[in-house]
Amino acid sequence: MAEITIAIKDWDRLKIKLKRKYNHLTDDDLVFAPGKEDDLINHLQERLHRNREYVVFTLKKGLINIDNNRL
């Protein structure tokens, strides 16, 4: 089970933040469906060459201040 839950209404904003920080990510890399957080985390681990803890931390950080443009 994923350590994070992402609401679909927040995903669009979070996706923009991720694309800004990691400009090599494509729209295909950032496909997300509610309840599939584990799949997203695993895919981002591969694409970012980072461990699970880093990816989860980055996603949580982006959600904390969802209205802020920074990640």
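Cut-offs applied
Residue indices begin from 1 for each chain and proceed along its sequence in written order. Under the rules for a predicted model, residues below a pLDDT of 70 receive no local features and side-chain atom pairs below 80 are neither given nor counted, while totals for whole chains, interfaces and linings still include all residues. Side-chain measures here rest on the full set of heavy atoms in the structure, leaving out hydrogens and waters. Candidates for patches are residues over 30% relative accessible area with no salt bridge; among them, like charges are joined within 9 Å and nonpolar side chains (Val, Leu, Ile, Met, Phe, Trp, Tyr) within 5 Å. With residues, only the protein chains shown are counted as cover, and all accessible areas are computed by Shrake-Rupley using a 1.4 Å probe. For this analysis, a salt bridge means a side-chain nitrogen from Lys or Arg found within 4 Å of a carboxyl oxygen belonging to Asp or Glu. His residues and chain termini do not enter the charge count, which takes Lys and Arg as positive and Asp and Glu as negative. For this purpose, a charge sits on NZ of Lys, CZ of Arg, CG of Asp or CD of Glu. Secondary structure elements are taken from DSSP: a helix is a run of H or I of four residues or more, a strand is a run of E of two residues or more, and numbering for both begins at the N terminus. The contact rule is simple, with two residues in contact once any of their heavy atoms fall within 4.5 Å. Each aromatic pair joins two rings of Phe, Tyr and Trp (for Trp, the six-membered one) with centres within 6.5 Å, and gets the label stacked for planes under 30 degrees apart, edge-to-face for over 60, and tilted for any other angle. Each residue gets one of three labels from its accessible area relative to the maximum for its type: buried under 20%, exposed over 50%, partly exposed in between, using a 1.4 Å probe on protein chains only. We call a charge positioned over a ring when the NZ of a Lys or the CZ of an Arg lies within 6 Å of the ring centre and within 35 degrees of the ring normal.

K.L.:
Let's hear about a positive patch on the surface: which residues, and what values?
P.N.:
Among the surface-exposed residues, Lys 21, Arg 50, Lys 61 and Arg 70 lie close enough to one another that they form a single positively charged patch. Relative to the helices and strands, Arg 50 resides in the loop between helix 2 (37–48) and helix 3 (52–64).

K.L.:
So what about the environment of Ala 2? Which residues, and what values?
P.N.:
Position of Ala 2 among the secondary structure elements: in the segment before helix 1 (8–21). Separated by 15 residues in sequence, Ala 2 and Lys 17 place their C-alpha atoms 20 Å apart. Those residues in contact with Ala 2 that lie beyond four places of it in its chain are Glu 37, Asp 38, Ile 41 and Arg 52.

K.L.:
Please set out the side chain of Asp 10 residue by residue, giving values where relevant.
P.N.:
Relative to the elements of secondary structure, Asp 10 occurs in helix 1. In this structure, Asp 10 is in contact with Leu 63 and Ile 66, ignoring residues within four places of it in sequence.

K.L.:
Please set out the packing of aromatic side chains residue by residue, giving values where relevant.
P.N.:
Going through the model one piece at a time under the given rule, you end up with one aromatic pair. Aromatic side chains Trp 11 and Phe 32 sit 5.1 Å apart centroid to centroid with 45° between the ring planes, which places their arrangement in the tilted category. With Trp 11 in helix 1 and Phe 32 in the loop between helix 1 and helix 2, the pair connects residues that are 21 residues apart, well separated along the chain. According to the relative accessible area criterion, Phe 32 is buried, its value standing at 10%. The ring centre of Tyr 54 lies 4.1 Å from the NZ or CZ of Arg 50, which sits over that ring.

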